[in-house]
Every structure is written in structure tokens, then in C-alpha cells.
Amino acid sequence: MTKEEMLGKVDHTQLKPYATWEDIRRLCDEALEYRTASVCVPPAYIKRIHDTYGDRLNICTVVGFPLGYSVTAAKLAETQQALADGCSEIDMVVNISDVKNGDFDKVETEIRALKEACGSHILKVIVETCYLTQEEKIAMCRAVTNAGADYIKTSTGFGTGGATGEDVELFRKYIGPEVKIKAAGGIATLEDLEMFLELGCERVGTSRAVGLC
């Protein structure tokens, strides 16, 4: 895979809680120069990015981030506002407590509600694999598939661990044919990036890809 092909699958990410407009603008300029799949940014910056760059950038943001335990109504409000501000892709965090309680029907219902709000826009579902057992990961593959989401995503990058090749291989085994995979969290080397893409990830979330390639 060429450098251009790899960067075309990267969500160029800046989600630090202290990110300034200069940080965000640098990210956006790099995304335009290197033609990354999107910029993944805090919700508070969506409108300013859209006002500054228009439709030249594909804007991705996060919902219920990073802990996931916001109520569904709050996640829906975040999603609707993000789309209104000019966002095209939503990366939501599931309620991890619901997952640990085995309440997978509730998790699936929430994902479905956010996908309905997204409509034709892409919804990626962050399951935060570092906190889950093997059985819970498999259950989340089924929930994401049944709810009609577009992607299952490994991690927020704010948990105790990030993406692993083993988790991506597990996802590939248990997700439905329409669901794609995004790896994120701890992707720090060119070898990491190449590995996740070779394993079949359609997207990789990282702040480092431009420098690596």
C-alpha cells in the first residue's frame, strides 16, 4: 500500500482536552495537504472548522466521549448539534457500564437511535476493548451489526489500552458483512499503521500518521 493510500484511510486526530485553534488549524491544513480520510476533532471546533474550510474537509467528531456513560438523550443531542454544525462522521462511545452489566439490548437500542439520527452520515461505535472480556467483545460485534452502524471502533485512546491486532481479527470474525473496522489508540509507528490496514481496517485513528508516512 502506498503512502497516499494509507493516509487516505486515516482519521487525522486531535482530541487533547487542551487543543487550541492553532493545533486544530494545523491538523486541518495537514489533512488537506496529505488527503487524509477526515479530521477527528472535539465537537466545540466543528462549526469553526466548517466555516473556515467549507466542504474541503471531511469532519469527524466524538460523542459521549471518552467515558460513554452519558444518557442516550444527551448523546442524541450531541449528534444532532454536530451534524448541524457541519460534521459528517460520528464516533460514539457505548455505555461501557451497560456492557459490563450484560445489558446488550440497551446498548443496541442506543446505537440504533444514534444511527437513525445520523441517517446517511457515518456512525462509528467505540466499544473500548481494553475493558471488555472476549465474550463481551463478541456481544458488541453483534450489537453493532444488529443496530446498523457503519463501523466498530476499538478504542478511545483514553482508556487503559488501545487497538490490538487480536481484537481486529476477532471483530472480523464476528461482525456482519456491512460493518467496517476502525483501529485507534496507541498507533505510534509506521509498522502499527501498516499492520492494522493489512488486517483489514478501513480506517485508522491516529494523530501521528502524517509524520510516520
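First, a word on what this report is: a plain description of the structure on this page. It should be emphasised that the depicted structure is a prediction, and the values quoted were computed from it without experimental measurement.

1. Considerations on the environment of serine 120
So, step 1. Structurally, serine 120 is set in the loop between helix 6 (104-118) and strand 5 (122-126).
So, step 2. Look at serine 120 and you get exposed, because its relative accessible area is 75%.
So, step 3. Residues serine 120 and valine 204, spaced 84 residues apart in sequence, show a C-alpha to C-alpha distance of 21 Å.

2. Observations concerning the sheet that holds strand 8 (residues 203-206)
So, step 1. The parallel closed barrel is built from eight strands, whose spatial order is 1-2-3-4-5-6-7-8. For this sheet, the mean inter-axis angle between neighbouring strands, taken without regard to orientation, is 25°.
So, step 2. Relative to strand 3 (residues 59-63), strand 2 (residues 38-41) runs parallel, the two sharing three bridges. Among the inter-strand pairings, valine 39 is bridged to a residue of strand 3, identified as isoleucine 59.
So, step 3. Taken strand by strand, helix 8 (residues 165-174) contacts strand 6 (151-153) and strand 7 (180-184), and its axis lies near 165° from that of strand 7.

3. Description of the side chain of threonine 79
So, step 1. Assignment of secondary structure puts threonine 79 in helix 4 (residues 72-85).
So, step 2. Among the residues examined, threonine 79 registers a relative accessible area of 0% and is labelled buried.

4. Things to note about the packing of helix 2 (residues 21-34) against helix 3 (residues 46-53)
So, step 1. Interaxial distance between helix 2 and helix 3 falls to 11 Å at its minimum, and their mutual angle equals 50°. On the basis of the axis angle, helix 2 is oblique to helix 3. In the packing of helix 2 onto helix 3, the handedness of the crossing is right-handed. Counted together, Trp21, Ile24, Arg25, Cys28, Asp29 and Leu32 of helix 2 and Arg48, Ile49, Thr52 and Tyr53 of helix 3 form the full contact between these two elements.
So, step 2. Split by residue class, the contact of helix 2 with helix 3 holds six nonpolar, one polar and three charged.

5. Points about the pairing of strand 3
So, step 1. Most of strand 3 sits out of view: five of its five residues are buried.
So, step 2. Following the chain from strand 2 across helix 3 to the adjacent parallel strand 3, one finds a crossover that is right-handed.
So, step 3. Where strand 3 lies against strand 4 (residues 89-93), four bridges are found, and the strand directions are parallel. For threonine 61, the partnering residue across the bridge sits in strand 4 and is isoleucine 90.
So, step 4. Each parallel crossover has a hand, and for strand 3 linked through helix 4 to strand 4 it is right-handed.

6. Comments concerning the packing of helix 7 (residues 134-147) against helix 8
So, step 1. At a closest axis distance of 9 Å, the pairing of helix 7 and helix 8 adopts a crossing angle of 45°. Considering their axes alone, helix 7 and helix 8 lie oblique with respect to each other. Judged by the sense of rotation from one axis to the other, the crossing of helix 7 with helix 8 is right-handed. Across from Gln134, Lys137, Ile138, Cys141 and Arg142 in helix 7, the residues of helix 8 making contact are Asp167, Leu170, Phe171 and Tyr174.
So, step 2. Across the contact of helix 7 with helix 8, the residue classes break down as five nonpolar, one polar and three charged.

7. Looking at helix 3
So, step 1. Buried residues of helix 3: Ile46, Ile49 and Tyr53, and no others. Considered in projection along helix 3, the buried side chains sweep an arc of 70° and stay on one side of the axis.
So, step 2. Here the buried face of helix 3 lies against helix 2, strand 2, strand 3 and helix 4.
So, step 3. After helix 3 finishes, the residue glycine 54 shows a positive phi value of roughly 60°.

Conventions adopted
Residues numbered from 1 in each chain as written. Predicted model: local features only at pLDDT ≥ 70, side-chain atom pairs only at ≥ 80, totals over all residues. Heavy atoms only, no water. Helix = DSSP H or I, 4+ residues; strand = E, 2+ residues; numbered from the N terminus. Buried < 20%, exposed > 50% of the residue type's maximum accessible area, 1.4 Å probe, protein only. Pairing = 2+ DSSP bridges. Axes fitted to C-alpha atoms, helices over the stretch in contact; angles between N-to-C directions. Contact = heavy atoms within 4.5 Å. Parallel < 35°, antiparallel > 145°, perpendicular 65-115°, else oblique. Left-handed = near helix turned anticlockwise from the far one by under 90°. Nonpolar A, V, L, I, M, F, W, Y, C, P; charged D, E, K, R; others polar. Right-handed = clockwise from strand over helix to strand, strands pointing away. Arc of directions from axis to C-beta.

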